[in-house]
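Per-entry structural report
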Amino acid sequence: MGALMVIFSLQKDQRRKRTDSVEDELELSAVRHRPEGLEQLEALTRFNRKELQILYRGFKNECPSGVVNEDTFKDIYSQFFPQGDASTYAHFLFNAFDTDKDGSVSFEDFVMGLSILLRGSVQEKLNWAFNLYDINKDGYITKEEMLDIMKAIYDMMGKCTYPLLKDDTPRQHVEIFFQKMDKNKDGVVTIDEFIDCCQNDENIMRSMQLFDNVI
Amino acid sequence: MAAGVAAWLPFARAAAIGWMPVANCPMPIAPRDHRKRHDELIILNVSGRRFQTWRTTLDRYPDTLLGSSEKQFFYDEETKEYFFDRDPDSFRSILNFYRTGKLHYPRYECISAYDEELTFFGIIPEIIGDCCYEEYKDRKRENAERLQDDQDDNKDCKLPNMTYRETMWRAFENPHTSTMALVFYYVTGFFIAISVLTNVIETVPCGATPSQKDMPCGERYTIAFFCMDTACVLIFTVEYLMRLFAAPSRYQFMRSVMSIIDVVAIFPYYIGLVMTDNEDVSGAFVTLRVFRVFRIFKFSRHSQGLRILGYTLKSCASELGFLLFSLTMAIIIFATVMFYAEKGSSSTKFTSIPASFWYTIVTMTTLGYGDMVPKTIAGKIFGSICSLSGVLVIALPVPVIVSNFSRIYHQNQRADKRRAQKVQKARLARIRIAQTGSSCTGFLQSKRNDLLNELLELTGSEEEEQQLNKGMSLLESQHHHLLHCLEKTTAHEFVDEQLYEQNCLETTIQSYTSRSPSFSSQDGPIGTCCTRRGKMNSPLPNSSLPLQPSHQQGSLQELSALHIQCGDKLPHTTSRSSLNMKTDDVGLINCKGSQITTAIISIPTAPSDTTDGGAPSINTTASSNVIKVSAL
């Protein structure tokens, strides 16, 4: 009988120690983030109060802790592309939104990115796109970086496509891109070449205006 | 598309700007947002309790009552709110589903009331979150079983067309169905008891007559006991044969546990009859009598609790196994230790390690008979350690077994867990289909509708076009626009599984022919992108093309493609089209200024050379303004 009591108390101690360490871990990881006030955000971005309110409500609903980490981001983005694998592209997007490189996207990062994309000038949008493509942020888009991005985009299509996706389709697409963009044929695309070329292409100009009324 | 991510759709669309510089084709036009800009609060009055939420919250799930226009039926003009005459407590969970995207099942709620509410509001129960799903399923199963039991009780009246055999089987399985069955049930129970009692009394020493010494009753009244035994075995044999006759599946009956117990109970008697006068096997004969005790297990037909106990032991097999294993380990260790500790002492009972096993077992289970005791000091020390550890080792797995038993006893059916795993897979599949499948097929469906619209535009009938566009919410149309932009960026299109498989087949056919290296693959996405106007994937109104001529050729399946030529490049293709028109019978669909030709791609056999030559080249002409329609 006494032995049983000893056993049970030992068990309880073990459990308590284990939960303590789990709780510690939880506290470290449960980051609570509160964004700047509405006024500051209004000043920083080009959204008005109402739009910021709607955006924040949606944001907070999906991420109650106030920040998005990369996995949640990938989950959310993948839900829009059920047929393919959107995680690679989501990774690049995440890096593009996470301007302060702290591994999580807070509401400020989110809304500032959206402000550029939806309310920015064409120059700013193109700048943002360049930033997205330039994975290592060195100011040049190399063929390898572009290939990674292209593969990520094609991954989102999945495998049930018409015509069937070949293995070198992304590569061919990258070749076309470089033919168009790389004016001095030095194998990399700089920001100026990129912006110049896009501004001369009326398809691209038109498509930049496409999402202006999203919010 | 799932819940709260509807709020992230604007973000996904904004991020699509990242594809724009990469795309080579112009993007489709975005759907226009006709509604008012600002979000408004909706008041939902559920039996007097007012709930308020944003309109966009409800719009997240357009295929439910609250998310669709169906709620307009409940709109009250005077109070400007939506009135539902339902339970406000259940409505809380339903509204939370819209807010958080997760449906929870409250424990206090009655399962059928909850189900009714879900059905009323158009929500499928499979969406219940993992946290509450098991509870929901358990309750639902219990309820179903209770209903089933009620039904069975009502159904116990005799069906008109039951054969004699089925009646017997029903009587055996449910003793309450008829009086005869009940009588049979009690009679067999009585005889089992008698038989067991007889076996027991047989060994009791009866009062001795003064002349003889004490004898067990069995030897004194041999005849009487023999008659009793015979009677019992006869009854059991008859019962077994009757059950065997009545069983719907005899093979399964013979494999069941109860029937094995029956057989083991009555066999020793017959074996004993056969070999009574053989001296050598009389020892074995005595052993066989032991099996008569198995008759007591026949009681398990009469007792539900006994069956559950047996079932528990069977399902706790792993815990019992662990108990046995750890005990064995401990026994061997301590027996060895005790043997070597007591080796020195004289006239010790610990003659060998196996002999010490007995001591170890008795000590570890705290029995302590005292027939073997250690005499040396080391032996005593190790003996005490042995008894302490015995308690520990036995106490560890026992609570697990006990809790298992109580759990099984309360739930009564553990085999359902295996069924539940299949249900879990089915449930996940259903959710996946309902969410992703619908968005995918919704997208493909809308594409078909759009392209059908184009065709109808060509034929000049606009009324049907408007009919097709109804019923798609703004959210869905925006999502579809996003997917459309992705298609344009990559110059590939989403297709469903069927078409994908057909295309795979098509490419393998082409590579098999190796007649002409597939030009289409070379042309690939580059050339076809901007020159291809659109693609139709829908079956056209009269797509019942005569396929008979094609069926005569080739053994593998052919694909038939309709080509609609629009406008220019006519001379380019007329030669081929005339080639095709020669070989097959075409049904011409008259569009404004366009022609339709059919081509049949088939496996090369000699006569079909001409069509084959046409096939890959038709794919190359796909690079010109040809819209290809496949009749699925």
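Here the structure is a predicted model, which means the values were calculated and not measured. (Residues numbered from 1 in each chain as written. Chains lettered and ligands numbered in written order. Predicted model: local features only at pLDDT ≥ 70, side-chain atom pairs only at ≥ 80, totals over all residues. Heavy atoms only, no water.)

1. Here we look at the overall build of chain B
A tally of regular secondary structure across chain B gives 25 helices and eight strands. Within chain B, the proportion of its 632 residues that are buried is 41%. Summarising the internal contacts of chain B: among those between residues at least 6 apart in sequence, 67% fall at separations of at least 24. (Helix = DSSP H or I, 4+ residues; strand = E, 2+ residues; numbered from the N terminus. Buried < 20%, exposed > 50% of the residue type's maximum accessible area, 1.4 Å probe, protein only. Contact = heavy atoms within 4.5 Å.)

2. Focus: the overall build of chain A
From N to C terminus, chain A includes 11 helices and five strands. Out of the 215 residues in chain A, the part that is buried amounts to 41%. Sequence separation of 24 or more characterises 58% of the internal contacts of chain A that already satisfy a separation of 6 or more. Of the roughly 11,200 Å² of accessible surface on chain A, 52% is carried by carbon and sulfur atoms. (Areas by Shrake-Rupley, 256 points an atom, 1.4 Å probe, with all protein chains shown as cover.)

3. Regarding the packing of helix α15 (residues 353–364) of chain B against helix α16 (residues 377–395) of chain B
Residue and element names in this part refer to chain B. Running from N to C, α15 and α16 cross one another at 60°; their axes reach a closest spacing of 8 Å. Considering the angle they form, α15 stands oblique to α16. Handedness of the crossing formed by α15 with α16: right-handed. In this structure, α15 uses Tyr-359, Thr-360, Thr-363 and Met-364 to contact α16, whose residues at the interface are Gly-383, Cys-386, Ser-387, Ser-389, Gly-390, Val-391 and Ile-394. (Axes fitted to C-alpha atoms, helices over the stretch in contact; angles between N-to-C directions. Parallel < 35°, antiparallel > 145°, perpendicular 65-115°, else oblique. Left-handed = near helix turned anticlockwise from the far one by under 90°.)

4. A closer look at helix α9 (residues 222–246) of chain B
Between the first and last C-alpha of α9 of chain B there are 36 Å, a value that for 25 residues agrees with the 36 Å anticipated at 1.5 Å per step. Elements that come into contact with the buried residues of α9 of chain B comprise α6 (164–173), α7 (179–202), α8 (217–220), α10 (250–255) and α11 (257–274) of chain B. (Expected span 1.5 Å × (residues − 1).)

5. Examining a nonpolar patch on the surface
Residues and elements named next belong to chain B. A cluster of nonpolar side chains, namely Leu-197, Val-200, Ile-201 and Val-204, defines an oily patch on the protein surface of about 330 Å² accessible area. Tracing the backbone shows Val-204 in the loop between α7 and α8. Its relative accessible area of 37% is what places Val-204 among the partly exposed residues. (Patch = residues over 30% accessible without salt bridge, like charges linked within 9 Å, V, L, I, M, F, W, Y side chains within 5 Å. Salt bridge = Lys/Arg side-chain N within 4 Å of Asp/Glu carboxyl O.)

6. What to know about the nonpolar core
Counting 78 residues, the largest nonpolar core has Tyr-77, Phe-81, Leu-93, Met-146 and Phe-194 of chain A together with Trp-19 of chain B as the members making the most contacts within it. Both domain 1 (43–120) and domain 2 (122–214) of chain A contribute no fewer than three residues apiece to this core. Setting aside residues no more than four positions away along its own chain, Leu-93 of chain A makes contact with Phe-73, Tyr-77, Trp-128 and Leu-132 of chain A together with Phe-11 and Ala-15 of chain B. Core analysis: the second largest hydrophobic core is formed by 27 residues, Leu-66, Tyr-105, Ile-111 and Tyr-136 of chain B among them. (Core = buried A, V, L, I, M, F, W, Y, C linked by side-chain atoms within 4.5 Å. Domains from an automatic or database assignment.)

7. So, the environment of Gln-40 of chain A
Residue and element names in this part refer to chain A. Along the polypeptide, Gln-40 turns up in helix α2 (residues 38–44). Exposure remark for Gln-40: the relative accessible area of 40% places this residue in the partly exposed category. Here the alpha-carbon distance between Gln-40 and Glu-108, two residues 68 residues apart in the chain, equals 10.0 Å.

8. With respect to the pattern of salt bridges
Residues and elements named next belong to chain B. The tally for this structure, following the rule as stated, stands at 25 salt bridges over all chains. With a closest N to O distance of 2.7 Å, Lys-298 and Asp-262 form a salt bridge. With a gap of 36 residues between them, Lys-298 in the loop between α12 (282–290) and α13 (304–315) and Asp-262 in helix α11 connect regions that are remote in the sequence. Exposure class is identical for Lys-298 and Asp-262. Each is buried. Each of the salt bridges in this network shares a partner with another, and the network as a whole consists of Glu-239, Arg-243, Asp-262, Lys-298 and Arg-301.

9. A word on the packing of aromatic side chains
Tallied over the full model, the rule gives 46 aromatic pairs over all chains. With a centroid separation of 6.0 Å and an interplanar angle of 75°, the aromatic rings of Phe-177 of chain A and Phe-178 of chain A are classed as edge-to-face. Centre to centre, the rings of Tyr-185 of chain B and Tyr-186 of chain B are 5.4 Å apart; their planes meet at 65°, and the pair counts as edge-to-face. Here Tyr-185 of chain B falls in the partly exposed class, since its relative accessible area comes to 23%. Directly above the ring of Phe-178 of chain A sits Lys-143 of chain A, whose terminal nitrogen or CZ lies 5.5 Å from the centroid. The ring of Phe-172 of chain B carries Arg-243 of chain B above its face, with NZ or CZ at 4.9 Å from the centroid. (Phe/Tyr/Trp six-rings, centres within 6.5 Å; stacked < 30°, edge-to-face > 60°. Lys NZ or Arg CZ within 6 Å of the ring centre and 35° of its normal.)

10. Some thoughts on the interface of chain A and chain B
Taken together, the contact between chain A and chain B spans 63 residues of the former and 66 residues of the latter. Three residues, Phe-80, Tyr-162 and Phe-211 of chain A, lead the burial of chain A against chain B; their summed loss comes to 15% of the area buried on that side. Our count for the chain A to chain B interface comes out at six residue pairs in polar contact (both at pLDDT 80 or more). Two strands pair when backbone bridges link them, and strand β4 (residues 161–162) of chain A and strand β5 (residues 493–494) of chain B are joined in this way by two bridges, in the antiparallel orientation. (Buried area = accessible area lost by both parts, 1.4 Å probe. Polar contact = N/O pair within 3.5 Å; in protein donor to acceptor, adjacent residues only side chain to side chain. Pairing = 2+ DSSP bridges.)

11. A look at the UniProt feature "domain: EF-hand" (unreviewed entry) in chain A
Residue and element names in this part refer to chain A. The UniProt record marks residues 85–120, 121–156 and 169–204 with the feature "domain: EF-hand" (unreviewed entry), using the residue numbering of this structure. Helix makes up 69% of residues 121–156 and strand 8%, and the two end C-alpha atoms of the span are 28 Å apart. The span residues 169–204 is 72% helix and 8% strand, and its two end C-alpha atoms sit 21 Å from each other. (UniProt positions renumbered as here; feature names shortened; annotations may be inferred.)

12. A short note on the packing of helix α8 (residues 143–155) of chain A against helix α9 (residues 169–181) of chain A
Two numbers describe a pair of packed helices, the interaxial angle and the distance between the axes. Residues and elements named next belong to chain A. Direction vectors running N to C along α8 and α9 enclose 130°, while the axes themselves pass 9 Å from each other. As judged from the angle between their axes, α8 and α9 are oblique. α8 and α9 meet at a crossing whose hand is right-handed. Touching Lys-143, Met-146, Leu-147, Met-150, Lys-151 and Tyr-154 of α8 are Thr-169, Pro-170, Arg-171, His-173, Val-174, Glu-175, Phe-177 and Phe-178, all from α9. Taken together, the residues of the contact of α8 with α9 sort by class into eight nonpolar, two polar and four charged. (Nonpolar A, V, L, I, M, F, W, Y, C, P; charged D, E, K, R; others polar.)

13. Looking at the pairing of strand β2 (residues 49–54) of chain B
Of the strand pairs in this sheet, strand β1 (residues 41–46) of chain B and β2 of chain B are connected by six bridges, and their pairing is antiparallel. Bridge pairing links Ile-43 of chain B to Gln-52 of chain B in β2 of chain B.

14. A look at the pairing of strand β4 (residues 81–84) of chain B
Residue and element names in this part refer to chain B. Note that β1 and β4 share three bridges and pair parallel. Each residue of the ladder has a partner; that of Val-46, found in β4, is Phe-84. Pairing of strand β3 (residues 75–76) with β4, which is carried by two bridges, proceeds in the antiparallel orientation. Residue pairing in the sheet places Asp-76 in a bridge with Glu-81 of β4. A loop of four residues connects β3 with β4, the two strands running antiparallel in sequence, and Lys-80 in this loop sits at a positive phi of about 55°.

15. Examining the confidence of the model for chain A
Residues and elements named next belong to chain A. On average, residues of chain A score 81 in pLDDT, and 85% of them are at 70 or above. Mean pLDDT across the elements of chain A bottoms out in helix α1 (residues 2–29) (55) and peaks in helix α5 (residues 87–97) (90). Residue range residues 25–29 is modelled with pLDDT below 50. Its contacts to residues more than four positions away, or to other chains, number zero contacts. (pLDDT = per-residue confidence, 0-100.)

16. Focus: unusual backbone geometry
Residue and element names in this part refer to chain B. The backbone of Lys-80 sits at a positive phi, close to 55°, despite the residue not being glycine. Here Lys-80 is to be found in the loop between β3 and β4. For Lys-80, a relative accessible area of 54% puts it in the exposed group. The phi dihedral of Thr-366 falls on the positive side, at around 55°, and the residue is not glycine. Structurally, the position occupied by Thr-366 is in the loop between α15 and α16.

17. Focus: the environment of Ala-434 of chain B
Residues and elements named next belong to chain B. Counting through the fold element by element, Ala-434 comes out in helix α18 (residues 416–459). Classification of Ala-434 by relative accessible area gives partly exposed; the value is 37%. Along the chain, Ala-434 and Ile-127 lie 307 residues apart, while their C-alpha atoms are 9.7 Å from each other.

18. Focus on the confidence of the model for chain B
Interpretation of this model should avoid reading the predicted coordinates in detail wherever pLDDT is low. All names here are of chain B. Looking at chain B, pLDDT values average 72 and 67% of them are 70 or higher. Confidence, expressed as mean pLDDT per element, reaches its minimum in chain B at strand β6 (residues 559–566) with 37 and its maximum at α15 with 93. Segment residues 464–471: pLDDT under 50, and eight contacts once partners within four positions in sequence are set aside and those in other chains are kept. Considering only residues more than four positions removed or in separate chains, one finds that residues 515–632, a stretch of pLDDT under 50, has 165 contacts. Scoring the predicted complex yields pTM 0.49 and, for the interface, ipTM 0.78.

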